[in-house]
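An overview of the molecular structure
Below, each chain spelled out in residue letters.
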Amino acid sequence: DGKKLIMDDYILVTGGAGYIGCHTVLELLECGYQPIVIDNCCNATCDGVESTPESLKRIKQITGKEVTFKYIDLLDKPRLLALFKEFKFNAVMHFAGLKSVNESIAKPMDYYEVNIGGTINLVECMKEFNVKNMVFSSSATVYGPPVKLPVAETHPVGKGLTNPYGKTKFFIEEILRDLANAEEGWRIMILRYFNPVGSHISGLIGEDPQGTPGNLMPYVAQVAVGRLPILSVFGNDYKTHDGTGVRDFIHVVDLAKGHIAALQKLSEIEGSKAINLGTGHGYSVLDAVKAFERASQRDVPFKFAPRRPGDLGCVYADPSLAEKLLNWKASRTLDDMCVDLWRWQSKHPNGYKTEPNGNLKTS
Ligand code: WQD
């Protein structure tokens, strides 16, 4: 049914306790939707087993609105079916999944089971309850090494993928495209993220990687706050203006707003649609480090190290389809991202495990 989403529809948000997920849950609440969040908290901070994750408690602090949270793993199909019996969902926003490139190389079967198996369970439940509106969290990694820049949605996908994580995103996209081609009524937005960075302006929610960060900016922020000694810049011999890798960094709040825009346009599409969520600007690793030093007024010592296997040299998006189809455009600059990231990191040197006095939570 092509009916527009009415404001009090329930929206199922899988993985809503995570970095991108919780920023999107916040935007959903601000727009009057009723998100129902499920998460297995494998990458979230919770006081106790099955308790509400810290990130969702902070959302109540920011918005004054309660978030309905259910501790459900997508691999637990009976509990997932029970949830679809309990709530009439108008749409599903699917973030849940394992996301570490390095870990996926060491544990490919975990990634195939969780990311693909979990998505198949979810889609089977949606089908059984005739819920056919979906926004899927994909990644620019599906493009592999870009043959043309900026990268548009017409760029080939699935070629030269260097890690199981990226392959799961590609395989899931293919599953969703085949499903939408085979059955009437599916409306699926496949959103390809470039490099999400930053935090909500409150400084109360943010990226909180478990263990040593794999991604650049959380690593830079932990060096600035004194949790890590020095940044290793992986390669300075790329064909870029300063030899270091170039990426399309996008503010996580712009990214979250892009999800709301996609949700609201679902009724206007048929089948599946892949869309880039990027800014169209490429910044190098050293550009980003310098921007963060300006924002934090802290030194970020670094040393050059060998290239990281599988890394690409230069990637940035052609964001024009999102602008045309979703009427959405990223507006926050790299400096905004760094200012907002520093506000989160300086208030929470140890992420959600930080006591009010800045010390590590002992519990
Ligand atoms: C960015 C640049 C590194 C760390 C990955 C995933 C992608 C998405 C985003 C999940 C590169 C350099 C990094 C460091 C460094 N993840 N770098 N020192 O690799 O573009 O994308 O994260 O959805 O799917 O592939 O992001 O932040 O790891 O690296 O020099 O300690 O920073 O070489 O040039 P990437 P990244």
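Right, let's walk through the structure included here.

About the thresholds
- Residues numbered from 1 in each chain as written.
- Predicted model: local features only at pLDDT ≥ 70, side-chain atom pairs only at ≥ 80, totals over all residues.
- Heavy atoms only, no water.
- 1 Å grid on protein atoms, 1.4 Å probe; cavity = no way out; pocket = protein on both sides within 12 Å on 5 of 7 lines; lining within 4 Å.
- Points joined across faces, edges and corners; volume = space filled by probe spheres on them.
- Helix = DSSP H or I, 4+ residues; strand = E, 2+ residues; numbered from the N terminus.
- Nonpolar A, V, L, I, M, F, W, Y, C, P; charged D, E, K, R; others polar.
- Salt bridge = Lys/Arg side-chain N within 4 Å of Asp/Glu carboxyl O.
- Buried < 20%, exposed > 50% of the residue type's maximum accessible area, 1.4 Å probe, protein only.

Let's talk about empty space enclosed by the protein
In this structure the tally under the stated criterion is one cavity of 30 Å³ or more. Computed from the structure, the largest cavity encloses a volume of approximately 40 Å³. Lining the largest cavity are His94, Ala96, Asn115, Thr119, Phe136, Lys169 and Ile172. Sorting the residues of the lining of the largest cavity by element identifies helix 5 (108-128) and helix 6 (164-182) as the ones contributing at least two each. Within the lining of the largest cavity, the residues separate by chemical class into three nonpolar, three polar and one charged.

What about the pattern of salt bridges?
If you walk through the whole model with that rule in mind, you get 18 salt bridges. Residues Lys70 and Glu86 are paired through a salt bridge, measuring 3.4 Å at the closest nitrogen-oxygen approach. Placement of Lys70 in strand 3 (residues 68-70) and of Glu86 in helix 3 (residues 77-86) is noted, with a sequence separation of 16 residues between them. The exposure class of Lys70 is partly exposed, given its relative accessible area of 24%. Between Arg192 and Glu173 there is a salt bridge, with the nearest N and O atoms lying 2.6 Å from each other. Placement of the pair is Arg192 in strand 6 (residues 187-193) and Glu173 in helix 6, with a sequence separation of 19 residues. Residue Arg192 is classed as buried on the basis of its relative accessible area of 2%. Via salt bridges that share partners, Glu173, Glu174, Arg177 and Arg192 belong to a single interconnected network.

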